[in-house]
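# Summary of the model geometry
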Amino acid sequence: MYYKSLKKFPHDFLWGAASAAYQIEGAWNEDNKGPSIWDTFSKLPGKTFHGTNGDVAVDHYHRYKEDVRLMSEMGLKAYRFSIAWSRIIPDGDGEINPAGLKFYDDLINELLKYGIQPVVTLYHWDIPQALQDKYGGWESREVIGAFKKYCEAVFKQYGDRVNYWVTFNEQNVFTAMGYRWASHPPNVTDVKRMYAANHIINLANAEAINLFHQLVPKGKIGPSFGYGPTYPITANPDDILAADNADDFNNNWWLDVYCRGTYPALVMNHLKDLGIAPEVTAADAKLLKSAKPDFLGINYYHGGTFQQNKLEHPSKEDADAKDFSSTDPYLMQPKDSQAQEPETPMFNNVQNPYLTKTDWGWEIDPVGFRIALRRVYEKYQLPIFVTENGLGAQDQLTDGKVINDQYRIDYLQAHITEMQRAMTDGVDMIGYCAWSFTDLLSWLNGYKKRYGFVYIDRDDDSQRDLARIPKKSFYWYQDFIKRNS
Ligand code: BG6
């Protein structure tokens, strides 16, 4: 569809940027914070890039005022960040920590002082280690009550000032990485356990949404999903079926539960046949049906291209060739390999010949962003908040203060244009948060994979002075927001 002119972004469109607690805060054991599973996992030998961790990260905990001042200079309308559960309740389900509450109170007040809307993520992958030790983390239903207690504390504390809330960030990514590939905590490789934990997280998500609607009736809440559209590699009906299967396994398996309160039948039947389906009680089904998100958060990096899978069992070489040093959901199946997991022999992830890639092999696909927004909106009819989109690159600091990241500007410009086309097509959009505001710790790629508008002067080996230096993209986004186009 071509238009004579594109629809203008509304004046209250939330132009923002995003982050997550573990990736920026540091101060991992200060002011009574308890350890999270990431504090523990990142210290296991060989688990993260060059042994990097978030002990100091970019020291946002101590420098949040400077960071918020830069956000205001940039003209941000919204800032998405996550709360570290183990700052609020250090052992997960015991006493509430006043110092933890105070940190986010101060941050929220600082944002509001400059007219920046806080967008709060409840869970960005960092369950308190104590809950992992005591109950086995998300594999136990005990954790649902603990999560509700934490949610109640923060809804009551911040619900008067925070309008937009995200429940879980990329449930598809952290369950697969944590329970299928052991490349995230809790370091497990067991698909049956993955599906069981995922179901418990779905219940926690539903409980949090219902509680929120009781306690903060004027606010808006929804999950943020790591979404990628699926394409068939050819017009061969077998490949089209493979792309449909991938869509069911990679997207609908979560989105149908969030938005319709039911699991997609195809995947459920398949998992039952393999004996790895989660146990869903009648009470569970009722709970999932009862929770209605107000919007859907979409994190978009790219989609995936699929062909009919020819082999049902991976060869040893294929299995050994797997590289999971990425949080990219579509790299979970190594490209151009026939390696498959037992429950997904019905599609194979392959290279898309039409797309270029980032330095980390992620396809760059702005048109896919428009396709993604249209597909998700048409299917679920919920307003969409883009809660992440951005480019990881190895930025170079020149002359001590200049970062010419024109490639990031080009990337963001192309994606925003496609988002505007999707909006013109009729998709109801709330806002757009680029990933990320400052550079931050990439879970598995250390500090050299940079996403920020603001450069942080540190690397994997040295914290240096952690100075904040706006990149060229900072000034580009500043100008873009000012003109709202
Ligand atoms: C998303 C996550 O999956 O992608 C972020 O929500 C993450 O936390 C981002 O940092 C980029 O991933 P990576 O692996 O490039 O750091």
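Residues numbered from 1 in each chain as written. Predicted model: local features only at pLDDT ≥ 70, side-chain atom pairs only at ≥ 80, totals over all residues. Heavy atoms only, no water.

### A word on the sheet that holds strand 8 (residues 304-307)
For clarity, the threshold we go by: One bridge is not enough; two strands pair if DSSP finds at least two bridges between them. Each helix corresponds to a stretch of at least 4 residues labelled H or I by DSSP, and each strand to a stretch of at least 2 residues labelled E; elements are numbered beginning at the N terminus. Angular values range over 0 to 180 degrees, each being the angle between N-to-C directions of two axes fitted as lines to C-alpha atoms, with helices fitted over their stretch in contact.
Ordered in space as 6-8-9, the 3 strands form an open sheet in which the pairing is mixed. Both edges of this open sheet fall to strand 6 (230-232) and strand 9 (348-350), since each of them pairs with a single strand only. With strand direction ignored, the average angle separating the axes of adjacent strands in the sheet is 45°. Bridge analysis of strand 8 against strand 9 gives 3 bridges, and the strand direction is antiparallel.

### So, the UniProt feature "active site" (unreviewed entry) in the protein
As a reminder of what qualifies: UniProt positions are given in the numbering used here, feature names are shortened, and annotations may be inferred rather than shown by experiment. By the convention used here, residues are in contact when the closest approach between their heavy atoms is within 4.5 Å. Side-chain atoms alone can form a polar contact between residues adjacent in sequence; in general such a contact is a pair of N or O atoms within 3.5 Å, and within protein one must be able to donate a hydrogen while the other accepts it.
UniProt feature "active site" (unreviewed entry): in the numbering of this structure it lies at E388. Counting through the fold element by element, E388 comes out in strand 12 (residues 384-388). Those residues in contact with E388, other than ones at most four positions away along the chain, are R80, H124, N169, E170, I298, N299, Y300, Y301, C433 and W435. Within the structure, E388 has its side chain in polar contact with the side chain of R80 (distance 3.1 Å).

### Considering the confidence of the model for the protein
Test applied: The predictor's confidence in any single residue is recorded as pLDDT, a number from 0 to 100.
Looking at the protein as a whole, the pLDDT averages 93, with 92% of positions reaching at least 70. Contacts for the low-pLDDT stretch residues 319-325, under 50 throughout, to residues beyond four places or in other chains number 13 contacts. In this model residues 334-339 is a low-confidence stretch, pLDDT under 50, and it forms 21 contacts with partners more than four residues away in sequence or in other chains.

### Quick notes on helix 9 (residues 191-215)
The line we're drawing: The span expected for a helix works out to 1.5 Å for each residue beyond the first.
Over its 25 residues, helix 9 extends 36 Å from the first C-alpha to the last, a length consistent with the 36 Å expected when each residue adds 1.5 Å. Where helix 9 begins, the capping side chain belongs to D190, and its oxygen is found 3.1 Å from the backbone nitrogen of K192.

### So, the nonpolar core
Rule in force here: Within this scheme, the nonpolar core is defined by two criteria: the residues are buried Ala, Val, Leu, Ile, Met, Phe, Trp, Tyr or Cys, and they are joined through side-chain atoms within 4.5 Å. For every residue, the accessible area (1.4 Å probe, protein chains only) is compared with the maximum for its type, and the residue is labelled buried under 20%, exposed over 50%, or partly exposed between those bounds.
Counting 153 residues, the largest nonpolar core has W85, W138, F147, M419, Y432, F437 and Y477 as the members making the most contacts within it. Of the residues forming this core, the biggest block, 13 residues, is contributed by helix 9. Residues contacting Y432, with those up to four places away along its chain left out, are F13, L14, W15, G16, F369, F385, V386, N389, L412, I416, M419 and Y477.

### Quick notes on the site of the ligand
To be explicit about the condition: Any residue with at least one heavy atom within 4 Å of a molecule or strand is counted as near it. For every accessible area listed, the method is Shrake-Rupley and the probe measures 1.4 Å; residues are considered covered only by the protein chains on display. Under the scheme applied here, ten amino acids are nonpolar (Ala, Val, Leu, Ile, Met, Phe, Trp, Tyr, Cys and Pro), four are charged (Asp, Glu, Lys and Arg), and all others, including Gly, are polar.
Lining the immediate environment of the ligand, one finds 15 residues, of which E170, E388, S442, K449 and Y451 sit closest. Between an oxygen atom of the ligand and a side-chain N or O atom of W435, the distance comes to 3.4 Å. In the complex, the protein chains occlude 99% of the 390 Å² of accessible area that the ligand would expose alone. Considered class by class, the residues forming the shell around the ligand number 6 nonpolar, 6 polar and 3 charged.

### Describing unusual backbone geometry
At the junction of P185 and P186, the peptide bond is cis and its omega measures out at 10° in the coordinates. Within the secondary structure, P186 is located in the loop between helix 8 (171-180) and helix 9. A cis amide bond, omega 10°, links W435 with the succeeding residue S436. As for its placement among the helices and strands, S436 is situated in the loop between strand 13 (429-435) and strand 14 (454-456). Notably, A57 is not glycine yet its phi reads approximately 50°, a positive angle. Mapped onto the elements of the fold, A57 is located in the loop between helix 2 (37-41) and helix 3 (60-74).

### Describing the pattern of salt bridges
Spelled out, the test is: By convention in these notes, a salt bridge is any Lys or Arg side-chain nitrogen within 4 Å of a carboxyl oxygen on Asp or Glu.
With the rule as written, the count across this model stands at 28 salt bridges. Here D67 ties to R468 by a salt bridge, and the two come within 2.8 Å at their closest N and O atoms. Of this pair, D67 sits in helix 3 while R468 sits in strand 15 (residues 468-470), and the two are 401 residues apart along the sequence. Residue K148 is joined to E207 by a salt bridge in which the shortest nitrogen-to-oxygen separation is 3.4 Å. Here E207 lies in helix 9 and K148 lies in helix 7 (residues 142-158), a separation of 59 residues in the sequence. Judged by relative accessible area, E207 falls into the partly exposed class, the value being 22%. Look at the salt bridges and you will find they share partners, linking D395, D405, R408, D439, R450 and K471 into a network.

### Description of the sheet that holds strand 4 (residues 164-169)
A barrel is described by the order of its strands in space; here 8 strands give the closed sequence 1-2-3-4-5-7-12-13, paired in parallel fashion. Between one strand axis and the next, the sheet turns by 30° as a mean value, whatever way the strands run. Note that strand 5 (residues 220-227) and strand 7 (residues 296-300) share 4 bridges and pair parallel. By the bridge assignment for strand 7, S224 is matched with G297. The strands that helix 10 (residues 237-260) touches are strand 5 and strand 7; relative to strand 5, the one it contacts most, it runs at about 175°.

### As for helix 3
Formally: By definition, a residue's bend is the angle between the axes fitted to the seven residues ending there and the seven starting there.
Under the 1.5 Å per step criterion, the end-to-end length of helix 3 is only 17 Å for 15 residues, more than 12% shorter than the ideal 21 Å. Along helix 3, the helix axis deviates most sharply at E66, where the bend reaches about 35°. Within helix 3, burial applies to H60, Y61, Y64, D67, V68, L70, M71 and M74. Where helix 3 terminates, the next one or two residues include G75, which has phi positive at roughly 90°.

### Digging into the packing of helix 9 against helix 10
Which entries qualify depends on this criterion: By convention the crossing between two helices is left-handed if the near helix lies anticlockwise of the far one by an angle smaller than a right angle, and right-handed if it lies clockwise.
Put simply, helix 9 and helix 10 touch, their axes get as near as 10 Å, and they point 35° apart. Pair helix 9 / helix 10 crosses with right-handed handedness. Two secondary-structure elements touch here, helix 9 through Y195, N198, N202 and N205 and helix 10 through F249, W253, W254, V257 and Y258. Of the residues in the contact of helix 9 with helix 10, the class split is 6 nonpolar, 3 polar and no charged.

### What about the pairing of strand 13?
Rules: Handedness of a crossover is defined as follows: with both strands directed away from the viewer, a clockwise route from the first strand across the helix to the second makes it right-handed.
Burial runs high along strand 13: 7 of the 7 residues are buried. Note that strand 1 (residues 14-18) and strand 13 share 5 bridges and pair parallel. Bridge pairing in strand 13 links A17 to A434. Looking at chain direction, strand 12 and strand 13 are connected through 3 bridges and run parallel. Looking at strand 13, one finds that I384 is bridged to M429. As a crossover connection, the stretch from strand 12 through helix 15 (residues 406-425) into strand 13 is right-handed.

### A short note on the pairing of strand 1
Most of strand 1 sits inside the fold, with 5 of its 5 residues counted as buried. Residue alternation in strand 1 divides its side chains into two sets, L14, G16 and A18 and W15 and A17, and both sets are buried. Sheet topology places strand 1 next to strand 2 (residues 78-82); 3 bridges connect them, and they run parallel. Bridging from a neighbouring strand, G16 pairs with A78 of strand 2.

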